[in-house]
Amino acid sequence: MRIVVIGGTGLIGSQVVKRLGEHGHDAVPASPNSGVNTLTGEGVEEVLQGADVLIDVSNSPSFADADVMNFFTTATTNLTKAAADAGVGHYVALSIVGTDELPESGYLRAKVAQEKLITESGLTYSIIRATQFFEFAGAIANSAEQDGAVHLPHGGVQPIAASDVAAVVARTAATEPVNGVLEIGGPEEFTMDGWIRTVLTQRKDEREVVSDPQAKYFGTLLTGKQLVPNAGAQLQATSLQQWLDAGN
């Protein structure tokens, strides 16, 4: 199949392209660097000509509330229209577990808007909601640093390896659309502060991780299991320790 991967040069997209190619598909990475800009629409119609599947694993260059909402609504509107015009048979989008449970987060509000545009587009689709990637641990720690300490909430999280996410995205793209939401996560549940503390300790990062119920996770309070996948989610194999032992 010809499968176009929007965001195909990023952390997930590059691995998806590689996996699909290894299985004999014509996987086309698309990004602004290759002349495909989903915000302006430049190159979108052209790259989708003859495509069987569209995968969207792109991300906003800015996480400011207005910017991220504009990115996901504008890009998704352009993509769904172009996909419909090109006769694309399967729209696969990567989203986040808990998107509709944390409305204080501008980023998650934007992902809810993205999902709504896809589900109401008339296209056959699969939305994959993943938990936080192991690879984000450093950025989360840095974003939560105050006076040399890392302040994080004690809410639940079930992080996943990016390689496992890419495998599910590629596999989903090569099979029939689910016309619904598939949730995936890692094999183990942690608290947010506990997860980041484990990673920093392994990396010999001496910053103290403080469990702070008032600390916000990218703009929202995390009080429970909003970021933990629901029962029935597809849990992937790679544990946090296996990922760390691999030198990450």
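Small disclaimer: the values here were computed from a predicted structure and weren't measured.

Draft legend 1. Geometry of the packing of helix α1 (residues 11-22) against helix α6 (residues 162-173). Taken N-terminus to C-terminus, the directions of α1 and α6 make an angle of 50 degrees; their axes are 8 Å apart at the nearest point. When the interaxial angle is binned, α1 and α6 end up oblique. The crossing of α1 and α6 is right-handed. Each of L11, I12, Q15, V16, R19 and L20 in α1 lies in contact with α6, whose residues at this interface are A162, S163, V165, A166, A167, V169 and A170. Here the residues of the contact of α1 with α6 sort into 10 nonpolar, 2 polar and 1 charged.

Draft legend 2. Spatial organisation of the pattern of salt bridges. Tallied over the full model, the rule gives 11 salt bridges. Between D26 and R2 there is a salt bridge, with the nearest N and O atoms lying 3.4 Å from each other. Highlighted residues: D26 in strand β2 (residues 26-30) and R2 in strand β1 (residues 2-6), separated in sequence by 24 residues. The residue D100 makes a salt bridge to R129 at a minimum N-O spacing of 3.4 Å. Remark: R129 occurs in strand β5 (residues 125-130) and D100 occurs in the loop between β4 (90-96) and α4 (106-119); sequence separation between them is 29 residues. Among the residues examined, R129 registers a relative accessible area of 9% and is labelled buried.

Criteria and cut-off values
- Residues numbered from 1 in each chain as written.
- Predicted model: local features only at pLDDT ≥ 70, side-chain atom pairs only at ≥ 80, totals over all residues.
- Heavy atoms only, no water.
- Axes fitted to C-alpha atoms, helices over the stretch in contact; angles between N-to-C directions.
- Helix = DSSP H or I, 4+ residues; strand = E, 2+ residues; numbered from the N terminus.
- Parallel < 35°, antiparallel > 145°, perpendicular 65-115°, else oblique.
- Left-handed = near helix turned anticlockwise from the far one by under 90°.
- Contact = heavy atoms within 4.5 Å.
- Nonpolar A, V, L, I, M, F, W, Y, C, P; charged D, E, K, R; others polar.
- Salt bridge = Lys/Arg side-chain N within 4 Å of Asp/Glu carboxyl O.
- Buried < 20%, exposed > 50% of the residue type's maximum accessible area, 1.4 Å probe, protein only.

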